[in-house]
Structures are given as C-alpha cells and as structure tokens.
Amino acid sequence: MRTIGLMSGTSLDGVDAAWVETDGDRIGRVGPSLTLPYDPALRRDLRRLLDMAGDLPADDPFLLDCERRLTERHAEAVVRLGQPADLLGFHGQTILHRPAAGQPGKGRTWQIGDAALLARATGIRVVHDFRSADVAAGGQGAPLVPIVHAVMAADLPKPLAILNLGGVGNVTWIGADHRLVAFDTGPANGPLDDWARRATGADYDKDGRLALAGQPDGAVLGRLLAHPYLAALPPKSLDRLDFDRALREAGAGDLSPADGAATLVAFCACAVAAAARHFPEPPRQWLVAGGGRRNPALMRALASALAEPVRPVEVAGWDGDALEAQAFGVLAARVVKGLPLTYPGTTGAPEPLTGGMLTAA
C-alpha cells in the first residue's frame, strides 16, 4: 500500500508528513517527506489546550476550533506532499494522556483531529485513533512506533537502542532475539521549549545556545532525578505536562535563563541514562531521532551520560525528521491488515493488540 503518515508530536511545532510503500510488515520504498510548521496562533492555542484538557468537554467551542484548524493544516501537508496514496495514517495531536496501567477501562488518552474532515479534504481513507484500544485494555497506549523501529532495524547490530526526543523522550530497545522493550524516558524538548519561550520569547533553544551558555544547577538536578517515575519499571508513559509540577517544586524557576536551560538539558540526558538501567542488557549503540538530535547541547549531554556511542539516526540511513511520520504510515497499513500495533513489552498490553479506526473518503 502507498501510505502517508502524519505526525504532530508533543513539541507542538507542526506536522510531519511522509510517504511510504509498505505492507505493514516490511517497507518497500520510502518517498518524499515534509514538515509544515503550525502558525504561531495555532501553536499557542494548542499549548493552552494542554493546560485545559483535563476539564474540557469534547464539544467545547475552543477545542473544536483548534481541532478544525489542526486538521486543515494536516490536509495542507498532504496536498503539499503531492504523492498518490491509498491511506493516511493520522495520529492527531495529543492533548491528554492518562493511562491506568493494568486497569482495563480506567485510563484515557486523547488525540484531537477530525478524521472525517481530513478524508473529505484529501479524498484519501484515513486511519486514526491508534492508542485507544491499548489504553482500554490496560496498556500505556505509548510508545506506538517500536514495532516499526524493529522493521527498520532488521539488519542493524543488536542490542540496539533507538531514542526519540520530541516533547517527551521515548526509547525502543531491540534485542538480538528481536525482543522489544519500550517506554517513555522522561521530559525532552517540551519543558526546554517552554523555558526558552518564557525566558527569551523564542519558540525553542536554537542550536542549544542558551543551554550551552549556562551550567546545570546540581541541587535542582538532584531533586529532579529523585522523581519516582525514573525508578519505576516499564512499561510506562508520560503526559507532556507530567513533570511541570516537579520542575516548579525543584526550584527550576529560580534559575537564570541559561542555567535553567542547561539544567533541563542535563535532566533529559540523565533521565535517558536512568532508562538504560531497565534494559535487559546494554545496547551496542544509541540512535537518536526527533528534534532533540539537532540540539548540540542535548547531544553532548547524552554522549557524556551514556556509556555507548550516541549517533543521529542518519548514520543508519534514516531520516530523523520523518521517522515518526513514516512509522504512522506503516502503522496505518497494519491497522488495515489487522496486525498488532502494541505488545506486552512496549505498552504493557495484556497480549499483542490491534487497534486504530478507518474512515472512508
């Protein structure tokens, strides 16, 4: 099938679109990709939604307006990509993630996006709602891409760790026996972007300049590293705002702009190092995807915190900007074919689970 995967992650910076030819088990060809940034007003409103989502009804006018604008931006990305496709894999924008591990029916994950509007606007069938079935069964609902990582890394030396640094960090460990272990490592670009916006007015810390100009505060970092999430056994996952209170209570807000950014970078790297303690055995290398790999301060901190080589996924011939969008193209094909999306080792699902919904054009 010819698919276009669409991913709008927790960094809230825009939508990635990528064309993939796949049967869900293998990737035949990888085609063009693009990133279409959100306009400043949409990005600001989506960030407001994160703070409001726990109290919003599904028919709230502000939420519905954001959902429409978000969906229209996705449709624009598909049109601009200009590739024929049989399916769209539409992740939508996560505004709330509250899984209840091992408690079927108790958790909630909420991704906004109007699949019917997207199908009408593009004339292409849309696969969406990838996470709900897993959460309903008591799984974490995240991360979803490990099975695609395994497909892409079939010929790479193992054990291998693939780290994605979006708003939240997540890792996939792949063993030599193809065993998968995956979970969220902790905050990544999300708090750093929020910090840069408050401190400088910029949307993010470009080239890590703010963090590179500062020094991590040992006391604040120590308090952050005592957070119980880091010691909790996987499977586990995070909401974009799960560490906001911890950052306030640790005293991060009292730091200078540069030292605050440096401390957040150090925390992200140390959280990744803590995650490695949960692997069955050390990886031979770390491959890094997502926007975080473009932050020299963050990549330097990871190289210092981890014992193994840390490299961008481009060394494997992958596109670190398009990887997650490509993954949702593959996942869309898996939904249509009735193949599992999640597994006990990736989300804590009770068994390999299918999921997703299909909306006709």
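Our structure is the block above this text.
Below: a short report on this structure. (Residues numbered from 1 in each chain as written. Predicted model: local features only at pLDDT ≥ 70, side-chain atom pairs only at ≥ 80, totals over all residues. Heavy atoms only, no water.)

## Focus: the environment of Pro84
Among the structural elements, Pro84 can be located in the loop between helix H2 (61-81) and strand E4 (87-98). On a C-alpha basis, the gap between Pro84 and Pro234 in space is 39 Å, while along the polypeptide they are 150 residues apart. Residues within four places of Pro84 in sequence aside, it is in contact with Arg2 and Trp19. (Helix = DSSP H or I, 4+ residues; strand = E, 2+ residues; numbered from the N terminus. Contact = heavy atoms within 4.5 Å.)

## Looking at the pattern of salt bridges
Tallied over the full model, the rule gives 25 salt bridges. Residues Arg43 and Asp193 are paired through a salt bridge, measuring 4.0 Å at the closest nitrogen-oxygen approach. Separated by 150 residues along the polypeptide, Arg43 in helix H1 (residues 40-52) and Asp193 in helix H6 (residues 189-200) bring together distant segments of the chain. Since its relative accessible area comes to 12%, Arg43 is described here as buried. Between Arg293 and Glu314 there is a salt bridge; the shortest N-O distance is 2.8 Å. Separated by 21 residues along the polypeptide, Arg293 in the loop between strand E10 (286-289) and helix H12 (296-305) and Glu314 in the loop between strand E11 (310-312) and helix H13 (323-337) bring together distant segments of the chain. A network of salt bridges, in which partner residues are shared, links Arg43, Arg47, Asp51, Asp193, Asp194, Arg197, Asp203, Arg240 and Asp244. (Salt bridge = Lys/Arg side-chain N within 4 Å of Asp/Glu carboxyl O. Buried < 20%, exposed > 50% of the residue type's maximum accessible area, 1.4 Å probe, protein only.)

## What to know about the packing of H6 against helix H11 (residues 257-276)
For the pair H6 and H11, interaxial distance at closest approach is 10 Å and the crossing angle is 175°. Judged on the interaxial angle alone, H11 and H6 are roughly antiparallel. Contact residues: Pro191, Leu192, Trp195 and Ala199 in H6; Pro257, Gly260, Ala261, Leu264 and Val265 in H11. Classifying every residue of the contact of H6 with H11 gives 8 nonpolar, 1 polar and no charged. (Axes fitted to C-alpha atoms, helices over the stretch in contact; angles between N-to-C directions. Parallel < 35°, antiparallel > 145°, perpendicular 65-115°, else oblique. Nonpolar A, V, L, I, M, F, W, Y, C, P; charged D, E, K, R; others polar.)

## Considering empty space enclosed by the protein
Inspection of the entire model under this criterion finds 1 cavity of 30 Å³ or more. Every residue lining the largest cavity is listed: Pro187, Ala188, Pro191, Leu264, Phe267 and Cys268. Per element, the largest residue contribution to the lining of the largest cavity is 3 residues, and it comes from H11. Class assignment for the residues of the lining of the largest cavity results in 6 nonpolar, no polar and no charged. (1 Å grid on protein atoms, 1.4 Å probe; cavity = no way out; pocket = protein on both sides within 12 Å on 5 of 7 lines; lining within 4 Å. Points joined across faces, edges and corners; volume = space filled by probe spheres on them.)

## Structural notes on the sheet that holds strand E9 (residues 180-187)
Strand order in the open sheet formed by 5 strands is E9-E8-E7-E10-E11, and the pairing between neighbours is mixed. Looking along the sheet, the strands with just one partner apiece sit at the ends: E9 and E11. Neighbour-to-neighbour, the strand axes of the sheet open up by a mean angle of 25°, direction not taken into account. Taken together, the 3 bridges between E10 and E11 define a ladder with parallel strand orientation. Pairing of Leu287 across the sheet is with Arg311, part of E11. Contacts between H11 and the sheet are confined to strand E7 (160-165), E9 and E10, with E9 contributing the most and set at about 155° to the helix. (Pairing = 2+ DSSP bridges.)

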